[in-house]
Amino acid sequence: MKISSLTCPHCQAAYEVAESTSLVGAPGRTDCGICGTPLAVWNEPKLLAFRLVVPHEHKYPRVPVPAPLA
Ligand SMILES: [Zn+2]
């Protein structure tokens, strides 16, 4: 398994790309799950898995502070 990273050129969302070195996949393409920009196109029978790591707009999430338990 080869792991690399990819950043959407449009919305800067960060993806982790896992490429299987033992399994044969199929040619394909993937688009950014956030903005729909084409991220990658491959013509070889590769098995690629894309995982969204950090959506740009959620990089600094505003998490409400939970109320302390009384
Ligand atoms: Zn995007």
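Criteria and thresholds
- Residues numbered from 1 in each chain as written.
- Predicted model: local features only at pLDDT ≥ 70, side-chain atom pairs only at ≥ 80, totals over all residues.
- Heavy atoms only, no water.
- Helix = DSSP H or I, 4+ residues; strand = E, 2+ residues; numbered from the N terminus.
- Buried < 20%, exposed > 50% of the residue type's maximum accessible area, 1.4 Å probe, protein only.
- Contact = heavy atoms within 4.5 Å.
- Areas by Shrake-Rupley, 256 points an atom, 1.4 Å probe, with all protein chains shown as cover.
- Core = buried A, V, L, I, M, F, W, Y, C linked by side-chain atoms within 4.5 Å.
- Pairing = 2+ DSSP bridges.

Trainee: Go over the overall build of the protein chain, please, and point to the residues and values.
Mentor: Along the backbone of the protein chain there are zero helices and five strands. Traced from its N-terminal end to its C-terminal end, the protein chain shows the element sequence β-β-β-β-β. Scored against the burial criterion, the 70 residues of the protein chain give a buried share of 23%. Partitioning the intrachain contacts of the protein chain with sequence separation of at least 6 by distance along the chain shows that 40% fall at a separation of at least 24. For the protein chain, the computed accessible surface area is about 5300 Å², with 59% contributed by carbon and sulfur atoms.

Trainee: Give me the nonpolar core: which residues, what numbers.
Mentor: In this structure, Cys8, Cys11, Ala13, Tyr15, Cys32 and Leu39 together form the largest nonpolar core, which totals six residues. Among all residues touching Tyr15, those that are not within four sequence positions of it are Ser4, Ser5, Leu6, Cys32, Gly33, Ile34, Leu39, Phe50, Arg51, Leu52 and Val53.

Trainee: Tell me about the environment of His10, residues and numbers included.
Mentor: Mapped onto the elements, His10 comes out in the loop between strand E1 (2–7) and strand E2 (14–20). On the basis of relative accessible area, His10 is assigned to the exposed category, the value being 58%. Between the C-alpha atoms of His10 and Cys32, which are 22 residues apart in sequence, the distance is 8.9 Å. Contacts of His10, omitting those with residues within four sequence positions, involve Cys35 and Thr37.

Trainee: Tell me what's going on with the environment of Pro27, and back it up with residues and numbers.
Mentor: Positionally, Pro27 belongs in the loop between E2 and strand E3 (28–31). According to the relative accessible area criterion, Pro27 is exposed, its value standing at 52%. With sequence-adjacent residues up to four places away left out, Pro27 is seen in contact with Trp42, Asn43, Glu44 and Pro45.

Trainee: Summarise the pairing of E2; cite the residues concerned and give the values.
Mentor: Counting buried residues in E2 gives five out of seven residues, a clear majority hidden from the surface. By the bridge criterion, six bridges tie E1 to E2 in an arrangement that is antiparallel. Within E2, the residue paired with Ile3 across the bridge is Ala18. A loop of six residues connects E1 with E2, the two strands running antiparallel in sequence, and Gln12 in this loop sits at a positive phi of about 70°. Both E2 and strand E5 (residues 47–54) contribute to a ladder of seven bridges, which runs antiparallel. Across the sheet, residue Ser20 finds its bridge partner in E5, namely Leu47.

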